[in-house]
Amino acid sequence: MSAAPVQTVPAQALARAVAAIFAACGVAPDAADIVAEDLVAADVEGVASHGVMLVPMYVKRLKAGSVSTGAAGEVVSDSGGAIVIDAGNVLGQLTARQAVGLAVARARQLGMATVAVRNAFHFGTAGRYARMIADQGAVGIVMANTRPLMPAPGGAQPLTGNNPLAIAAPGAGAFHPEVDMAMSAVAMGKIRNAAAAGQAIPAGWAADRDGLATTDPQKAIEGMLLPAAGPKGFGLAFMIDLLAGGLSGGAIGAEVNHLYGEAASPYRCSNLFIAIDVGHFGAEATFKARADAELQHVSGSRRAPDVERVYAPGELAFAARSTSNGHARVAQAAWTSLTETGTSVGVDFPSYF
């Protein structure tokens, strides 16, 4: 695919502009700042599919009432190391941070803790919250379900979402060991970006509604994503769906609604946050040092011909943050949509830059 036109802007200014849009929708200023910060962080890392391109859809749902302007979910069950939050359709970044805080605090007491969240809304990148847990000396495992988007291998019916899984562990170096992946060959957001830019998608990303492979992004949006690694990706997605929805008492499979569907119908996804306090298993400093040594072992490993560098898990995202110079890249189509969305709520989006 050829590169689409982009705007490169200061990340802080972008966060302020996005926060102003959310505040104009009735979200409390502090909460609006958090949501904006988490979305912009994805753009800084080059993960535009989970960044500010989502704002127009968020706003549409806030206006329609399927997303709450509240600042936190309600803890409906608490048995020490197992907590359930009913998010009440609050913006997902807010309940994700709430869950992270609870999971880490309990893990420090008990060694491990799990927080399940039901009636949740989209929270952006799972890796951001796994990393927040790792920042506090614990292994972070974060997962979420989505509406059915993928068929079983050989099938022509979407059965489970491309449900993301992120794992981060505390390290002693500049970045944590981290993996963050959806269980499809690619995130739906990337296909939407391609559709907005009028570009074809690579073969192997998606199938049309009849289960036939397609490079047309619109047919892919109307059809199905393909699982990463075939039955392996599908099996992992199936289990994430069951764990996130089953342990929270929330939605599983088709009980999760279409994120870009009827704006008045709550999304109702389910999340799971697990924190494992490293200090309960031995010296935290020793674990961190070993983690960093393993990362260096990967980064310093022998390269294949014509490969300039081997990246360790978590290093690409760190490199993107480090080289961003405090700026974020926003596709022109997303910029135009943000400007129109701002106007719709009385915010002059371009004036922030």
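Note that the structure is a prediction, hence the values are computed from the model and not measured.

**Student:** What is the right way to look at the overall build of the protein chain in this model?
**Tutor:** A tally of regular secondary structure across the protein chain gives 11 helices and 14 strands. Taken against the 2.2 N^0.38 rule, which gives 20 Å for 353 residues, the C-alpha radius of gyration of the protein chain at 20 Å falls within 12% of a compact globule. Out of the 353 residues in the protein chain, the part that is buried amounts to 50%. Restricting the contact set of the protein chain to residue pairs at least 6 apart, pairs at least 24 apart contribute 67%. Total accessible area on the protein chain stands at roughly 15,200 Å², and carbon and sulfur atoms take up 55% of it.

**Student:** What is the right way to look at the pattern of salt bridges in this model?
**Tutor:** Oppositely charged side chains are able to pair whenever their charged atoms sit close together. Tallied over the entire structure, the rule returns 12 salt bridges. A salt bridge links Glu178 to Arg131; its shortest N-O distance comes to 2.9 Å. Of this pair, Glu178 sits in strand S9 (residues 178-181) while Arg131 is found in helix H5 (residues 126-135), placing the two residues 47 residues apart along the sequence. The residues Glu178 and Arg131 share a single accessibility class, namely buried. Two residues, Glu315 and Arg309, come together in a salt bridge whose shortest N-O distance is 2.5 Å.

**Student:** Looking at this structure, how should I read the layout of surface pockets?
**Tutor:** The gaps left among the atoms become clear once a water-sized probe is rolled over them. Considering only enclosed or pocket space, the second largest pocket measures out at about 230 Å³ in volume. Listed by contribution, the elements that provide at least two residues to the lining of the second largest pocket are helix H1 (11-24), helix H2 (29-44) and H5. Partitioned by chemical class, the residues of the lining of the second largest pocket number 6 nonpolar, no polar and 6 charged.

**Student:** Please explain the environment of Phe349 as it appears in this structure.
**Tutor:** Inspection of the secondary structure puts Phe349 in the segment after helix H11 (332-344). Sequence-wise, Phe349 and Ala17 are 332 residues apart; in three dimensions their C-alpha atoms are separated by 5.9 Å. Setting aside anything within four residues of it in sequence, one finds Phe349 in contact with Leu14, Ala17, Val18, Ile21, Trp335, Leu338 and Thr339.

Procedures and definitions
Residues numbered from 1 in each chain as written. Predicted model: local features only at pLDDT ≥ 70, side-chain atom pairs only at ≥ 80, totals over all residues. Heavy atoms only, no water. Helix = DSSP H or I, 4+ residues; strand = E, 2+ residues; numbered from the N terminus. Rg over C-alpha atoms; globule rule 2.2 N^0.38 Å. Buried < 20%, exposed > 50% of the residue type's maximum accessible area, 1.4 Å probe, protein only. Contact = heavy atoms within 4.5 Å. Areas by Shrake-Rupley, 256 points an atom, 1.4 Å probe, with all protein chains shown as cover. Salt bridge = Lys/Arg side-chain N within 4 Å of Asp/Glu carboxyl O. 1 Å grid on protein atoms, 1.4 Å probe; cavity = no way out; pocket = protein on both sides within 12 Å on 5 of 7 lines; lining within 4 Å. Points joined across faces, edges and corners; volume = space filled by probe spheres on them. Nonpolar A, V, L, I, M, F, W, Y, C, P; charged D, E, K, R; others polar.

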